[in-house]
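Per-entry structural report
Here is how the chains run, residue by residue.
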Amino acid sequence: MDMIMNPAIAFRVDPHEGPALEVRVNFGVYAGRNATAAEIADLAHLLRSEVSAFSVVAEARHEFGNDVETSLHQVVIEIDRRNADDLTDETCERIVDAADRWATACIASRSELGELRET
(Lines give C-alpha, C1' and ligand atoms only; values in the text may rest on other atoms or scores of the structure.)
Protein backbone atom coordinates (compact mmCIF):
# COMPACT_ATOMS: atom_id res chain seq x y z
CA MET A 1 0.00 0.00 0.00
CA ASP A 2 1.41 3.38 -1.02
CA MET A 3 1.41 6.01 1.66
CA ILE A 4 0.88 9.60 0.57
CA MET A 5 2.41 12.14 2.90
CA ASN A 6 0.89 15.58 2.98
CA PRO A 7 3.29 18.41 3.74
CA ALA A 8 2.45 20.52 6.76
CA ILE A 9 0.82 23.85 6.10
CA ALA A 10 2.40 25.40 9.18
CA PHE A 11 5.52 24.13 10.88
CA ARG A 12 8.10 25.19 13.45
CA VAL A 13 11.50 26.13 12.08
CA ASP A 14 14.46 24.64 13.89
CA PRO A 15 16.77 27.20 15.52
CA HIS A 16 19.33 28.32 12.98
CA GLU A 17 22.09 30.78 12.41
CA GLY A 18 21.04 33.93 10.58
CA PRO A 19 22.36 35.08 7.24
CA ALA A 20 25.80 36.65 6.91
CA LEU A 21 24.16 39.78 5.52
CA GLU A 22 20.55 40.92 5.72
CA VAL A 23 19.46 44.14 4.02
CA ARG A 24 15.91 45.37 4.61
CA VAL A 25 14.38 47.81 2.13
CA ASN A 26 11.34 49.72 3.44
CA PHE A 27 9.79 49.66 -0.01
CA GLY A 28 6.14 50.15 0.96
CA VAL A 29 6.81 53.11 3.23
CA TYR A 30 7.75 55.16 0.16
CA ALA A 31 5.98 53.31 -2.67
CA GLY A 32 2.73 52.52 -0.87
CA ARG A 33 2.67 49.10 -2.54
CA ASN A 34 4.52 45.80 -2.89
CA ALA A 35 7.44 45.47 -5.27
CA THR A 36 6.46 43.74 -8.51
CA ALA A 37 8.03 40.51 -9.77
CA ALA A 38 9.69 42.49 -12.59
CA GLU A 39 11.16 44.94 -10.06
CA ILE A 40 12.53 42.05 -7.98
CA ALA A 41 14.13 40.62 -11.14
CA ASP A 42 15.76 44.01 -11.78
CA LEU A 43 17.13 44.01 -8.23
CA ALA A 44 18.52 40.50 -8.70
CA HIS A 45 20.26 41.65 -11.87
CA LEU A 46 21.95 44.48 -9.94
CA LEU A 47 23.00 42.20 -7.08
CA ARG A 48 24.57 39.54 -9.33
CA SER A 49 27.49 41.86 -10.02
CA GLU A 50 28.23 42.01 -6.28
CA VAL A 51 27.60 38.47 -5.01
CA SER A 52 27.11 35.05 -6.63
CA ALA A 53 24.22 33.71 -4.53
CA PHE A 54 21.51 35.46 -2.52
CA SER A 55 17.81 35.42 -1.67
CA VAL A 56 15.30 38.20 -2.14
CA VAL A 57 12.06 38.06 -0.15
CA ALA A 58 9.23 40.49 -0.87
CA GLU A 59 6.90 40.43 2.10
CA ALA A 60 3.85 42.07 3.52
CA ARG A 61 4.68 42.20 7.21
CA HIS A 62 2.07 42.66 9.94
CA GLU A 63 3.13 43.30 13.52
CA PHE A 64 0.81 43.43 16.52
CA GLY A 65 1.45 44.44 20.09
CA ASN A 66 -0.45 46.17 22.87
CA ASP A 67 -2.26 49.08 21.19
CA VAL A 68 -0.20 49.06 17.99
CA GLU A 69 -0.82 47.36 14.67
CA THR A 70 1.63 47.84 11.81
CA SER A 71 1.50 46.69 8.23
CA LEU A 72 4.38 47.25 5.83
CA HIS A 73 5.72 46.06 2.50
CA GLN A 74 9.36 45.16 2.75
CA VAL A 75 12.03 43.64 0.53
CA VAL A 76 14.72 41.62 2.27
CA ILE A 77 18.04 40.63 0.71
CA GLU A 78 19.80 37.74 2.43
CA ILE A 79 23.23 36.30 1.79
CA ASP A 80 23.70 32.92 3.37
CA ARG A 81 26.84 32.28 5.39
CA ARG A 82 27.83 29.53 2.93
CA ASN A 83 28.01 32.18 0.19
CA ALA A 84 29.77 34.85 2.22
CA ASP A 85 33.43 34.02 1.61
CA ASP A 86 34.16 37.27 -0.24
CA LEU A 87 31.68 39.42 1.68
CA THR A 88 33.75 42.42 2.78
CA ASP A 89 32.42 45.58 4.40
CA GLU A 90 32.91 47.34 1.08
CA THR A 91 30.84 44.72 -0.74
CA CYS A 92 28.10 45.02 1.89
CA GLU A 93 28.03 48.79 1.40
CA ARG A 94 27.76 48.34 -2.38
CA ILE A 95 24.84 45.93 -1.90
CA VAL A 96 23.02 48.41 0.36
CA ASP A 97 23.72 51.19 -2.16
CA ALA A 98 22.42 49.04 -5.05
CA ALA A 99 19.24 48.27 -3.08
CA ASP A 100 18.74 51.97 -2.32
CA ARG A 101 19.23 52.99 -5.96
CA TRP A 102 16.88 50.22 -7.09
CA ALA A 103 14.12 51.20 -4.66
CA THR A 104 14.44 54.90 -5.49
CA ALA A 105 14.17 54.18 -9.22
CA CYS A 106 11.16 51.87 -8.75
CA ILE A 107 9.35 54.37 -6.57
CA ALA A 108 10.06 57.28 -8.90
CA SER A 109 8.86 55.35 -11.95
CA ARG A 110 5.45 54.39 -10.56
CA SER A 111 4.68 56.57 -7.56
CA GLU A 112 2.01 59.24 -7.40
CA LEU A 113 4.22 60.88 -4.78
CA GLY A 114 6.66 61.88 -7.48
CA GLU A 115 10.39 62.05 -7.11
CA LEU A 116 11.99 61.34 -3.75
CA ARG A 117 13.92 64.27 -2.43
CA GLU A 118 16.50 64.40 0.29
CA THR A 119 15.59 66.66 3.21
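Up top you'll find the structure we're talking about.
Residues numbered from 1 in each chain as written. Predicted model: local features only at pLDDT ≥ 70, side-chain atom pairs only at ≥ 80, totals over all residues. Heavy atoms only, no water.

**Some points on the layout of surface pockets**
- Quantified by volume, the largest pocket comes out at close to 210 Å³.
- Put simply, the parts of the chain that give the lining of the largest pocket at least two residues each are β1 (21-25), α1 (27-31) and α3 (89-110).
- It is α3 that provides the largest number of residues to the lining of the largest pocket, a total of 6 residues.
- Residue composition of the lining of the largest pocket, grouped by class: 9 nonpolar, 2 polar and 2 charged. (1 Å grid on protein atoms, 1.4 Å probe; cavity = no way out; pocket = protein on both sides within 12 Å on 5 of 7 lines; lining within 4 Å. Points joined across faces, edges and corners; volume = space filled by probe spheres on them. Helix = DSSP H or I, 4+ residues; strand = E, 2+ residues; numbered from the N terminus. Nonpolar A, V, L, I, M, F, W, Y, C, P; charged D, E, K, R; others polar.)

**Side note on the sheet that holds strand β3 (residues 68-79)**
- Spatially, 3 strands are ordered β1-β3-β2 in an open sheet, and the strand pairing comes out antiparallel. For this open sheet the edge positions go to β1 and β2 (55-65), each flanked by a neighbour on one side alone. Ignoring which end each strand starts from, the neighbouring axes of this sheet average 35° apart.
- α3 rests against β1 and β3 of the sheet, and its axis sits at about 20° to β1. (Pairing = 2+ DSSP bridges. Axes fitted to C-alpha atoms, helices over the stretch in contact; angles between N-to-C directions. Contact = heavy atoms within 4.5 Å.)

**Considerations on helix α2 (residues 37-48)**
- Helix length check: α2 (12 residues) gives 17 Å between terminal C-alpha atoms against 16 Å at 1.5 Å per residue, within 8%.
- Within α2, the full set of buried residues consists of E39, I40, L43, A44 and L47. Buried positions in α2, seen along its axis, are confined to an arc of 145° and lie on one side of it. Opposite the packed face of α2, turned more than 90 degrees from it, sit the exposed residues A38, H45 and R48. (Expected span 1.5 Å × (residues − 1). Buried < 20%, exposed > 50% of the residue type's maximum accessible area, 1.4 Å probe, protein only. Arc of directions from axis to C-beta.)

**Remarks on the packing of α2 against α3**
- Here α2 crosses α3 at 150°, and the two axes come no closer than 10 Å. By the criterion of interaxial angle, the relationship of α2 to α3 is roughly antiparallel. α2 and α3 meet at a crossing whose hand is right-handed. The segment α2 lies against α3, with E39, I40, D42, L43, L46 and L47 engaging I95, A98, A99, W102, C106 and R110.
- Considered class by class, the residues forming the contact of α2 with α3 number 9 nonpolar, no polar and 3 charged. (Parallel < 35°, antiparallel > 145°, perpendicular 65-115°, else oblique. Left-handed = near helix turned anticlockwise from the far one by under 90°.)

**A closer look at the pairing of β3**
- With 5 bridges joining them, β1 and β3 adopt antiparallel strand pairing. The residue bridging V25 from the neighbouring strand is V75, located in β3.
- Where β2 meets β3, 11 bridges bridge the pair, whose relative direction is antiparallel. The partner of H62 across the bridge, within β3, is S71.
- Taking the residues that link successive antiparallel strands as the turn, the β2-β3 hairpin has 2 residues, and the phi of N66 there is positive, at about 45°.

**Notes on α3**
- Between its first and last C-alpha, α3 extends 32 Å over 22 residues, near the 32 Å set by a 1.5 Å rise per residue.
- When we look at burial in α3, the residues that qualify are T91, C92, I95, A98, A99, W102, A103, C106 and I107. End-on, the buried residues of α3 take up no more than an arc of 155°, which puts them together on one face. Summarising the geometry of α3, the exposed residues directed more than 90 degrees from the buried face are D89, E90 and E93.

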